[in-house]
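# Structure assessment
Residue strings, one per chain:
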Amino acid sequence: MSPARRRHVRAALAALLALGIIGTSASPALARPAAAVPAPAPAPAQEEGTDGSGPVLVLAPRESVIRENTDLAFEVLLRNPGEDPVPGGRLELRISAAPLRDAAALDAAPPSATLRLAESTLGETAAEGEQLATVSVPQAELPPLSDAGVYVVEGSFVSDAGDAGKEVSLSGTTSLVWRSPGAAAGGTAGSGEGASAASPGLRLAVIVPIVLPSEIRTLPTRRQLEEIVPAWDELLTRARAQEATLAIDPRVIAGIRAYGADVPESASRFLTRLEQSTLPSFLLQFADADPAAQAALGYTSLLAPSSLDFVSRFGDFEPSTPSPTPRSGTPKPEDANGSEAAGGSSASDDAASGAQEGSGSTDATPGEEGEKGDDDAQDGTPSRPQLPSLDELLSWPQGLAAAWPANGAVDSETLALLRDSGLSTVVLGSGNVEGSASRGRIERSEALVTDDALGAAARAALAGATEPERAAGAAELSSRLALAASGGSDPVLLGLDRGAVADASEPAAVLDLLASLDWLSPAPVSALPEGDIELRAGGTDESRLELLRAAAARESSITELGAVLVHPEYLSGYQRARLLDLFATRYADAEAEFETVAAQFRERDSELLGGVRVISTEHTQLVGSSTRLPVQLRNALPFDALVTVEVAPSSAALAVEERRFADVAVAAESNDRLLVPVRSRVSSGESGIVVTVSAASGDPTVFTSTLPVTIRSSFETIALWVLGVLAALLLGFGTWRSVRRRAAGPGGAE
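The rules behind the values
- Residues numbered from 1 in each chain as written.
- Predicted model: local features only at pLDDT ≥ 70, side-chain atom pairs only at ≥ 80, totals over all residues.
- Heavy atoms only, no water.
- Patch = residues over 30% accessible without salt bridge, like charges linked within 9 Å, V, L, I, M, F, W, Y side chains within 5 Å.
- Areas by Shrake-Rupley, 256 points an atom, 1.4 Å probe, with all protein chains shown as cover.
- Salt bridge = Lys/Arg side-chain N within 4 Å of Asp/Glu carboxyl O.
- Lys, Arg positive; Asp, Glu negative; His and termini not counted.
- Charge placed at Lys NZ, Arg CZ, Asp CG, Glu CD.
- Buried < 20%, exposed > 50% of the residue type's maximum accessible area, 1.4 Å probe, protein only.
- Pairing = 2+ DSSP bridges.
- Helix = DSSP H or I, 4+ residues; strand = E, 2+ residues; numbered from the N terminus.
- Axes fitted to C-alpha atoms, helices over the stretch in contact; angles between N-to-C directions.
- Contact = heavy atoms within 4.5 Å.
- Parallel < 35°, antiparallel > 145°, perpendicular 65-115°, else oblique.
- Left-handed = near helix turned anticlockwise from the far one by under 90°.
- Nonpolar A, V, L, I, M, F, W, Y, C, P; charged D, E, K, R; others polar.

Bringing a negative patch on the surface into the picture now. A contiguous patch of negative charge on the surface is contributed by Glu 215, Glu 226, Glu 227 and Asp 503. Taking relative accessible area as the criterion, Asp 503 reaches 43% and is therefore assigned partly exposed.

Here you go:
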C-alpha cells in the first residue's frame, strides 16, 4: 500500500471515531426494555377419574319403544375413571317379569321378579377409559312378557379376579316401553293390572327455550349466528308441530338486530319466522338470568342490560343527518382504529377477537370486521347513522309477561320481585309447589308447573356425554310419558332444560322423540286446566349467592374505568352483559361447577381492572445528560382509550421538559409507547418520574406510579475522554509514521 493510500485510510478511521464520539453524546438513554405482558397461562386440564369415583355401568335400549316384530338392542357403556384397569368379565341382562304400575316404580329398587334376557362378555377396560358394547336380543329369543307396558331392564357385570385377585361388580338399570303385537294404533302401553293396550292418550304441553350456547358470554358474532341458526330453525319447526310455547333469550333477538343490514341472511330469515310465528312466546330475562338469585340478594328490580352499542357499532344501518343534540343513549361509533371484538376468525371476525372472554370459550364479546370509521360530519351532511336504541333491539310486543326462574329456587320474595317488574306469570318446577296441577294461581301470580321428572329425563336425552347416556335419557322420558298416559293423568307440562338445549348438538332431537310417541297429543299451554297448588318455598345455594354478590360489587369499579375510553358506555354495557350471563339459570344446578365459572369471571374482571396503566420496567438507566425516556402504556380494556398522561420528576435530580401529554390514544388491549424528554441535573444518583394517567378531561385519575431512574451521566464524560484520547493517539501515531517515512526517502519506503 502506498504512503498516500495509508494516509487516506488513517484519516477515514479518525473520522469514524469522531462520528462515534458525536453519536455517543447524542444517543438516547440506555433503558432496559419494558417487561412484556405475559399472556394468561391456560388453566391446567383436570384429570378425569381422580375424584375417587369408581367404575360405572350405563345401560340403554337402542330404541326406547319396542314395537311389533322388533329385535332388542342395548348399548352398554362401562366407564372406568380409576387408575387401575377393570378386568374383563360377564354381563347379564334381566327384564322385569311384569310391567310397572306407576312412575314411582321407576325411582324405586329394581323388581325382584325378573326374567333372563341376554348374556355377553366384556373385555378389559383401561384405566381412565371407557368401553362401548352392543348386546342384541332377537325377537324369537325374548322371554314371554305378560302385558304391554313399561319394563325395567337390569344389567349386572362381574369381572374376573384379575391380577389383584379382586372382582369388580357393577349394575345399571334402564327401562323400555313394550308394545304388544295387538296394541291399537294411537293407544298407549298399558301398565299394571287391567291396563288396556289401547288406553287413552296423554296431552302434553311443552315449553321450548331458544337460547344461546354457553360459550357465548355476551352477544354472538356474525359467524356464530351462521353456525347456530340452522339448529334454531329446526327447533322452531319442531316446536310448531308440538304447539309449544317459546321461551326466548332476548340476546337471540338483539344479537340479530344489532348487525342491521350486515346480519347473515339465514339469521334475518329466522328472525322473520320467529316474529311471524303464531306460537305463544315470552322473553326470558336477558342472558336467561335467574330472578330467584336476584331476589335472594335483595334486589328491588331485575337486572337489565344498560347498552348494546358495543355490538351494534359493527352493524350497518341507514345513514342519518346528525342533529346538534344527539339522541340520548346513542353514542357515536368507535373510531376506525378501534377494535374491541371477539370471537371471530378472518379479516372480519378475527380482527376483533381481543375482547373474547374465555372460559373454555372465554367471554365472548362480539366483534367483527374492524371498526367502521367515525366519519361524522360537522356541517350537517349525511354521515354515520345513529345506532338503534336498547328498546329497539329488545322489543317483543307479542310476548307474554312471564318469567322462568331457576328450577326449585322460587320463594315469596321472587314472586314479589316479578310482580313488581310487571311479570304476572311464572314457570315453576313441580318440586317447588304442593299439588299435582300443571296450572294454578300462587300469591296473585299465575303459575305454570313443569314436571321435574320429565324435565330431568329430557335433559339427559339432550345433554348426555355419550350416545348410551342420551339413549338412557330418551328411554326414561318415553317410559314416564307412557306411565302418565296409562294412569289417565291430566295434561302434563314439559319444560326443556335451557342449558341442555343451548349446548346440545341436536336440540330438536327430543321433540322428534315426542312426535314419534303415538300415545301423545300436543296441547298448548292455554289448554292446561287450572288446579289448586301452593308454593313450596325454594332457595338459592349460599355459595352461589356469595360469588354473585362479589361479582356484582366489582361491576361499579370496572365501569368507572370507562371514563378513559372513547365511548365509556361500551364498557358498562359489556360488563353488565357479562354479569347477567353469570346469573344464568344454567349455573343454578348443583352439578354446574359454578365455582369454576365464577373464578374465570373473576379472572377476567381482574384483567379489566387493569384499565390503562404504565408497564413498570425493572430499572431504567440514564447515561446521558438529556434524552427521551420511553414510557410504556398498557390498555387492558377491550375498547379504545383516550387518556391524558402527566409526568413529574420525583426529585430535583431530574428535569422534565414536557409534563403533560393530552389525548394519547391507546388501542384496545394493546400497548403504546410515549417518549418523555428528561434532563439530568447531577452526574449520578437515583431518581424517578411520577406518571399519572387520567381520562382525557383530566378526571378521574386511573393510575399513578413512580418509575425508578438511575442517573449515570458521568459515564458519558468518561466515555468521551477515553474515545478522545484514543483518537488523539491514533492521529498522533499516524502523523509520526508519515513524517518518519517521508524523511527516510524512497529507499526507506522499500
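Still more to cover.
Right, let's get into the sheet that holds strand β1 (residues 56–61). An order of β1-β3-β6 is seen for the three strands of this open sheet, with the pairing classed as antiparallel. Each edge of the open sheet carries a strand with a single partner, namely β1 and β6 (129–137). Averaged over neighbouring strand pairs, the angle between their axes works out to 15 degrees when direction is ignored. Together, β1, β3 (72–80) and β6 form the strand contacts of helix α11 (residues 467–486), whose direction differs from that of β1 by roughly 55 degrees.

Further remarks concern the sheet that holds strand β2 (residues 65–66). Ordered by their spatial adjacency, five strands build an open sheet running β2-β8-β7-β4-β5, and the pairing between neighbours is mixed. The strands lining the two open edges of the sheet, one partner per strand, are β2 and β5 (114–122).

Two numbers describe how helix α3 (residues 222–241) lies on helix α5 (residues 265–276): the axes approach to 9 Å, and their chain directions differ by 25 degrees. Here α3 is positioned roughly parallel relative to α5, judged by the angle of their axes. As α3 packs across α5, the resulting crossing turns out to be left-handed. Contact residues: α3 offers Leu 225, Glu 226, Val 229, Trp 232, Asp 233, Leu 236, Thr 237 and Arg 240, while α5 offers Ser 266, Ala 267, Phe 270, Arg 273 and Leu 274. Taken together, the residues that form the contact of α3 with α5 break down as seven nonpolar, two polar and four charged.

Further remarks concern the packing of α11 against helix α13 (residues 509–516). Where α11 meets α13, the closest approach of the two axes is 11 Å, and the angle between their N-to-C directions is 40 degrees. The crossing of α11 and α13 is right-handed. Taken together, the residues of α13 that come into contact with α11 (itself represented by Ala 474, Leu 477, Ser 478 and Leu 481) are Val 510, Leu 513 and Leu 514. Across the contact of α11 with α13, the residue classes break down as six nonpolar, one polar and no charged.

Now for the pairing of β1. Walk down a regular strand and you will see the side chains alternate between the two sheet faces. Counting buried positions along β1 gives five out of six residues, so the element sits mostly inside the fold. Judged from the six bridges that link them, β1 and β3 form a sheet pairing that is antiparallel. Bridge pairing in β3 places Val 56 opposite Arg 79.

The next subject is unusual backbone geometry. Of note, the amide linkage connecting Asp 699 to Pro 700 takes the cis form, showing an omega dihedral of 5 degrees. With respect to the secondary-structure elements, Pro 700 resides in the loop between β27 (684–695) and β28 (701–712). Look at Glu 243: it is not a glycine, yet its phi comes out positive at around 55 degrees. Within the element layout of this structure, Glu 243 appears in the loop between α3 and β10 (245–248). A residue is classified by how much of its surface remains accessible, and Glu 243, at 37% relative accessible area, is partly exposed. Despite not being glycine, Asp 288 has its phi angle at roughly 55 degrees, a positive value. According to the relative accessible area criterion, Asp 288 is buried, its value standing at 6%.

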